[in-house]
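Here is what each chain is made of, one letter per residue.
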Amino acid sequence: MKTDPMSDDAAALLDVLVVGGGVFGATGALTLARRGHRVRLIDPGPLPHPLAASTDRSKVVRADYGDDPVYTAMGLDALAGWRRWNMRWAEAHGGPVYHEDGFLLRTRGPMSPESFEGQSYAASKARGLPVERIDAAELARRHPQWRADVYPDGYLNPQAGWADAEGAMKQLHREVKAAGVEVLTDEAGIALLEEGGRVVGVLTAEAQTLRADVTVVAIGSWTTALVPELTPMMRATGHPNLLFRVDDAAAWRPPHFGPWAADIARTGWYGFPAKADGTIKVARHAAGVPLPHGAPRTVSDATIAEARAFLADTLPALAEAPLVATRLCAYCDTFDGHFWIDRDPTRPGLVVAAGGSGHAFKFAPVLGDRIAAAVEGRRDAIEPRFRWRSPNGPIAAGRDAARAS
Ligand SMILES: Cc1cc2nc3c(=O)[nH]c(=O)nc-3n(C[C@H](O)[C@H](O)[C@H](O)COP(=O)(O)OP(=O)(O)OC[C@H]3O[C@@H](n4cnc5c(N)ncnc54)[C@H](O)[C@@H]3O)c2cc1C
């Protein structure tokens, strides 16, 4: 296309190759195609890929981010985006992909102003959001599943909820194709193609060379397999998803029971309402376990025992419930917990969009613009914390304070 594709001439139309069809790759490809670029997307497939972090039955969607103004603002923009997608996709999906069932945050003991919950509550109040403080008596009245004596304080944010992640990914991929993106499944990038210090495409497992003005590597927890130079900055970690079954599904669905977090910054545990079939997901947003490429994705018995012990103290009826499935899902963990969306400053032609660090899916409606900005060289449209950086450099402020260490 252009003689110098990486010049800062944002108006230039580019030939872009997106490697990876998760939420980063799909939203990036869609936005770039809508901006007029020629876009191809490759993924080993099928799409949504069963092992992708983005392929999941449910993800929390919240703007509750402690006192972090950047994620809070992005979260509020994303909420508006999810509501738009609900209108746009209701017919094709057969209902909403985003369920604004609220988000219930509980604390063990009084909710201190310095805590993640206390800071998030204050930040929402300051923005005039209709958050509601709920004490032990009110919790017991409204949500009798909870040990109100153990979790006497916290609040409900009605402007939050959960997304049917797999459903949303299916709709996104339908839009990606409709926008004219050439989607090649059964294709995995195995090496970057470089010429004269510039990345000009990828070599695929099928021994194809796919050339492009700009190559966007958006392969999540697999990123360092294709860009090993990023190994000091990011790694794959494994995190448990546990699926229990309850008999009385209605009692575990809104308005009786919605998405929740139990002293999450200290325990890491959170969960979702039941589905009509009675299955109910519990997960943990904490340190996780190292997950080398190709390692088995099994949840250990020790983790299952930890979950049951936690539930016995939190949602006792779930602690005894049958466990119907477990899944070890992979985060692409950056050293500072912030996303990675930028051009490689040393190799023109390469953009990396990854580093979800266990909390990127909720931002799906606002990720594409940032990825397109990286491709087009509009760096000022990308928050500094997401730009190319090093663990030896200044650590960007802020983090996902909901994550237990
Ligand atoms: C257990 C768990 C729970 C989570 N809960 C939440 C939540 O509640 N809320 C929230 O906001 N976020 C949550 N997240 C985080 C969120 O899911 C991720 O940040 C996000 O989905 C990452 O998207 P991605 O596109 O980077 O990667 P992925 O979704 O993993 O997609 C990567 C894609 O790249 C493809 N690929 C891999 N290698 C190659 C290759 N060589 N060539 C071509 N394609 C390739 C894969 O097939 C895949 O389709 C959670 C994550 C996990 C693991």
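Residues numbered from 1 in each chain as written. Predicted model: local features only at pLDDT ≥ 70, side-chain atom pairs only at ≥ 80, totals over all residues. Heavy atoms only, no water.

### Some details on the site of the ligand
Thought 1: Close to the ligand lie 33 residues, the nearest being D43, S54, V60, C329 and K362.
Thought 2: Between the ligand and Y270 there is a distance of 3.3 Å, counted from a nitrogen atom to a side-chain nitrogen or oxygen.
Thought 3: For the ligand, whose accessible area on its own is 1,000 Å², the fraction buried by protein is 95%.
Thought 4: Tallying contributions element by element places strand β19 (residues 323-334) first for the shell around the ligand, with three residues.
Thought 5: Here the residues of the shell around the ligand sort into 18 nonpolar, 11 polar and four charged. (Near = heavy atom within 4 Å. Polar contact = N/O pair within 3.5 Å; in protein donor to acceptor, adjacent residues only side chain to side chain. Areas by Shrake-Rupley, 256 points an atom, 1.4 Å probe, with all protein chains shown as cover. Helix = DSSP H or I, 4+ residues; strand = E, 2+ residues; numbered from the N terminus. Nonpolar A, V, L, I, M, F, W, Y, C, P; charged D, E, K, R; others polar.)

### Re unusual backbone geometry
Peptide bonds are, in most cases, trans, and in most cases residues other than glycine have a negative phi.
Thought 1: Of the consecutive residues G45 and P46, the connecting peptide bond is found in the cis state with omega at 0°.
Thought 2: With respect to the secondary-structure elements, P46 resides in the loop between β2 (38-43) and β3 (59-61).
Thought 3: Backbone torsion omega between P254 and P255 reads 10°, so that peptide bond is classified as cis.
Thought 4: Within the element layout of this structure, P255 appears in the loop between β14 (234-245) and β15 (260-262).
Thought 5: Not every positive phi belongs to a glycine, and A207 is a case in point at roughly 60°.
Thought 6: Within the secondary structure, A207 sits in the loop between β11 (198-204) and β12 (209-211).

### Observations concerning the sheet that holds strand β1 (residues 15-19)
Thought 1: Pairing in this open sheet of six strands is mixed, and the strands run β9-β2-β1-β13-β21-β20 from one edge to the other. Edge positions in the sheet fall to β9 (182-185) and β20 (340-343), since each of these pairs with one other strand and no more. Between one strand axis and the next, the sheet turns by 15° as a mean value, whatever way the strands run.
Thought 2: When β2 meets β9, the two strands line up parallel, connected through four bridges. (Pairing = 2+ DSSP bridges. Axes fitted to C-alpha atoms, helices over the stretch in contact; angles between N-to-C directions.)

### A few points about the sheet that holds β12
Thought 1: The strand order across the open sheet formed by three strands is β10-β11-β12, and the pairing between neighbours is antiparallel. The open sheet has two free edges, formed respectively by β10 (189-195) and β12, since each of these has just one partner strand. In this sheet, neighbouring strand axes are inclined to one another by 35° on average, regardless of whether the strands run parallel or antiparallel.
Thought 2: Two strands pair when backbone bridges link them, and β10 and β11 are joined in this way by six bridges, in the antiparallel orientation. Pairing of E194 across the sheet is with V199, part of β11.

### Points about helix α1 (residues 23-34)
Thought 1: Helix length check: α1 (12 residues) gives 16 Å between terminal C-alpha atoms against 16 Å at 1.5 Å per residue, within 8%.
Thought 2: Within α1, the full set of buried residues consists of V23, F24, G25, A26, T27, G28, A29, L30, T31, L32 and A33.
Thought 3: Buried residues along α1 sit in contact with β1, β2, α5 (165-178), β20, β21 (350-354) and α10 (364-376).
Thought 4: Within two residues after α1, G36 carries a phi angle of roughly 100°, on the positive side. (Expected span 1.5 Å × (residues − 1). Buried < 20%, exposed > 50% of the residue type's maximum accessible area, 1.4 Å probe, protein only. Contact = heavy atoms within 4.5 Å.)

### A word on the side chain of R343
Thought 1: Relative to the elements of secondary structure, R343 occurs in strand β20.
Thought 2: For R343, a relative accessible area of 14% corresponds to the buried category.
Thought 3: A polar contact is formed between the side chain of R343 and the backbone oxygen of A374, at a distance of 3.0 Å.
Thought 4: At 3.1 Å, the side chain of R343 and the backbone oxygen of V375 are in polar contact.

### Observations concerning the packing of α1 against α10
Thought 1: Remark: α1 packs on α10, axes separated minimally by 7 Å, with the N-to-C direction vectors making an angle of 65°. Overall, the two elements α1 and α10 adopt an arrangement that is roughly perpendicular. Judged by the twist between their axes, the crossing of α1 over α10 is right-handed. In contact with V23, F24, T27, G28, T31 and L32 of α1, α10 contributes A364, L367, G368, D369, I371, A372 and V375.
Thought 2: In terms of residue class, the contact of α1 with α10 is built from eight nonpolar, four polar and one charged. (Parallel < 35°, antiparallel > 145°, perpendicular 65-115°, else oblique. Left-handed = near helix turned anticlockwise from the far one by under 90°.)

### Looking at the environment of T215
Thought 1: Its location among the elements puts T215 in strand β13 (residues 214-217).
Thought 2: With a relative accessible area of 0%, T215 lands in the buried category.
Thought 3: Note: C-alpha distance between T215 and A140 (75 residues apart in sequence) is 53 Å.
Thought 4: When residues no more than four places from it in sequence are discounted, the contact partners of T215 are L17, V19, V199, V200, G201, V202, G349, L350 and V351.

### Description of the packing of helix α2 (residues 69-93) against α10
When two helices pack together, their arrangement is captured by the angle between the axes and the distance separating the axes.
Thought 1: Following both chains from N to C, one finds α2 and α10 inclined at 110°, their axes separated by 7 Å at the closest point. By the angle between their directions, the pair α2 and α10 is classed as roughly perpendicular. Residues M74, D77, A78, G81, W82 and W85 of α2 form the contact with α10, whose participating residues are A364, P365, V366 and R370.
Thought 2: Taken together, the residues of the contact of α2 with α10 sort by class into seven nonpolar, one polar and two charged.

### Considerations on the packing of aromatic side chains
Thought 1: Within the structure shown, the criterion is met by 20 aromatic pairs.
Thought 2: Ring centres of W82 and Y98 lie 6.3 Å apart, and the angle between their planes is 45°; on these two criteria the pair is classed as tilted. Pair noted here: W82 is in helix α2 and Y98 is in strand β4 (residues 98-99), with a separation of 16 residues, a long-range link. No difference in accessibility class separates W82 from Y98, as the two residues are buried.
Thought 3: Through successive ring pairs, a cluster of aromatic residues spans F24, Y65, Y71, F339, F363 and F386.
Thought 4: Sitting over the face of the ring of Y121, R133 holds its NZ or CZ atom 5.9 Å from the ring centroid. (Phe/Tyr/Trp six-rings, centres within 6.5 Å; stacked < 30°, edge-to-face > 60°. Lys NZ or Arg CZ within 6 Å of the ring centre and 35° of its normal.)

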